[in-house]
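# Structural overview
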Amino acid sequence: MVVGLIIACEVAFWVLLAAGLAFRYGLRMPRTGLALLLCEPLLELVLFAVTAIDLRNGAEPDWRHGLAAVYIGFTVGLGHSTIRWADARVAHRFAGGPPPVRPPKYGRARAVHEWKVAGRWILAAVVALALLQAAVWYVGDGQAASLQAWQQRMLWVIAINVIIAGSYTLFPKEKR
């Protein structure tokens, strides 16, 4: 049930995003489009509630519950930037907006950009870690092995992003 809900939340995220942008730019109803885009966080609240209820009803914590926490974390950390990314492209393509800003290619500006990207991914991983830890406390340490495995994966996500951003800081690309 949890996996099906995660898939439904992902599909609903993209449907709400497309509908919000369609109302905003295609139908020229920006308030309705904004209302649809503001419904996005409700998806995560539903997923959180269903996952908590599933655990409360005695479900054995497993990879599905960990995946739900990770999905929520990644939506919190990356959802807003994904919406901004899509909004800029749709505004340019269909509403005469300015072209989307491309990330810098070289030097310090590129390093700053990479740290901002890493920050979003780190936020996503930290939110997931917090939700996973709350679930570990909720079910007790004896049943939490699969949740703790997800926590280790989130630490890897943090480490990889720090390494990538750090590499742009220590070894900046130069113009040729």
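The structure presented is a predicted model; accordingly, all values stated were derived computationally and were not measured.

## Overview of the overall build of the protein
On a plain count of helices and strands, the protein comes out with 6 helices and 0 strands. For the protein, buried positions account for 37% of its 176 residues. Long-range contacts, defined here as pairs at least 24 residues apart, represent 72% of the contacts in the protein between residues at least 6 apart. On the protein, roughly 10,800 Å² of surface is accessible, and the fraction owed to carbon and sulfur atoms is 68%.

## Here we look at a positive patch on the surface
Taken together, the side chains of Arg89, Arg102, Lys105, Lys173 and Arg176 define a basic patch exposed on the protein surface. Exposure remark for arginine 89: the relative accessible area of 32% places this residue in the partly exposed category.

## Focus: the pattern of salt bridges
Summed over the entire model, instances satisfying the criterion amount to 3 salt bridges. One salt bridge connects aspartate 87 with arginine 24, and the closest N-O pair in it is separated by 3.3 Å. One end of the pair, aspartate 87, is in helix H4 (residues 63-95); the other, arginine 24, is in helix H1 (residues 2-26), with 63 residues separating them in the sequence. Accessibility expressed as a relative area gives 18% for aspartate 87, which makes it buried.

## Digging into the environment of phenylalanine 171
Relative to the helices and strands, phenylalanine 171 resides in the segment after helix H6 (145-170). Expressed as a C-alpha distance, the spacing of phenylalanine 171 and alanine 111, which sit 60 residues apart in the sequence, is 9.2 Å.

## Examining the packing of aromatic side chains
Enumeration over the complete set of coordinates arrives at 2 aromatic pairs. Here the aromatic rings of phenylalanine 13 and tryptophan 14 are separated by 5.2 Å at their centres, their planes lie at 85°, and the arrangement is edge-to-face. Residue classification places tryptophan 14 among the partly exposed residues on the basis of a relative accessible area of 42%. Plain terms: the ring middles of phenylalanine 74 and tryptophan 121 are 5.4 Å apart, the flat faces sit at 90° to each other, and that makes the pair edge-to-face. Of the two residues, phenylalanine 74 is situated in helix H4 and tryptophan 121 in helix H5 (residues 107-139); the sequence distance between them amounts to 47 residues. Judged by relative accessible area, tryptophan 121 falls into the partly exposed class, the value being 31%. The ring centre of tryptophan 150 lies 4.7 Å from the NZ or CZ of arginine 153, which sits over that ring.

## Re the confidence of the model for the protein
Within the protein, residue pLDDT values average 93, and 100% of them lie at 70 or more. Averaged pLDDT values for the elements of the protein fall to 92 in helix H3 (residues 40-56) and rise to 96 in H6.

## Observations regarding the environment of valine 90
The topology assignment puts valine 90 in helix H4. For the pair valine 90 and glycine 26, spaced 64 residues apart in sequence, the C-alpha separation works out to 9.4 Å. Setting aside residues no more than four positions away along its own chain, valine 90 makes contact with Leu21, Tyr25 and Ala95.

Cut-off values and rules
Residues numbered from 1 in each chain as written. Predicted model: local features only at pLDDT ≥ 70, side-chain atom pairs only at ≥ 80, totals over all residues. Heavy atoms only, no water. Helix = DSSP H or I, 4+ residues; strand = E, 2+ residues; numbered from the N terminus. Buried < 20%, exposed > 50% of the residue type's maximum accessible area, 1.4 Å probe, protein only. Contact = heavy atoms within 4.5 Å. Areas by Shrake-Rupley, 256 points an atom, 1.4 Å probe, with all protein chains shown as cover. Patch = residues over 30% accessible without salt bridge, like charges linked within 9 Å, V, L, I, M, F, W, Y side chains within 5 Å. Salt bridge = Lys/Arg side-chain N within 4 Å of Asp/Glu carboxyl O. Lys, Arg positive; Asp, Glu negative; His and termini not counted. Charge placed at Lys NZ, Arg CZ, Asp CG, Glu CD. Phe/Tyr/Trp six-rings, centres within 6.5 Å; stacked < 30°, edge-to-face > 60°. Lys NZ or Arg CZ within 6 Å of the ring centre and 35° of its normal. pLDDT = per-residue confidence, 0-100.

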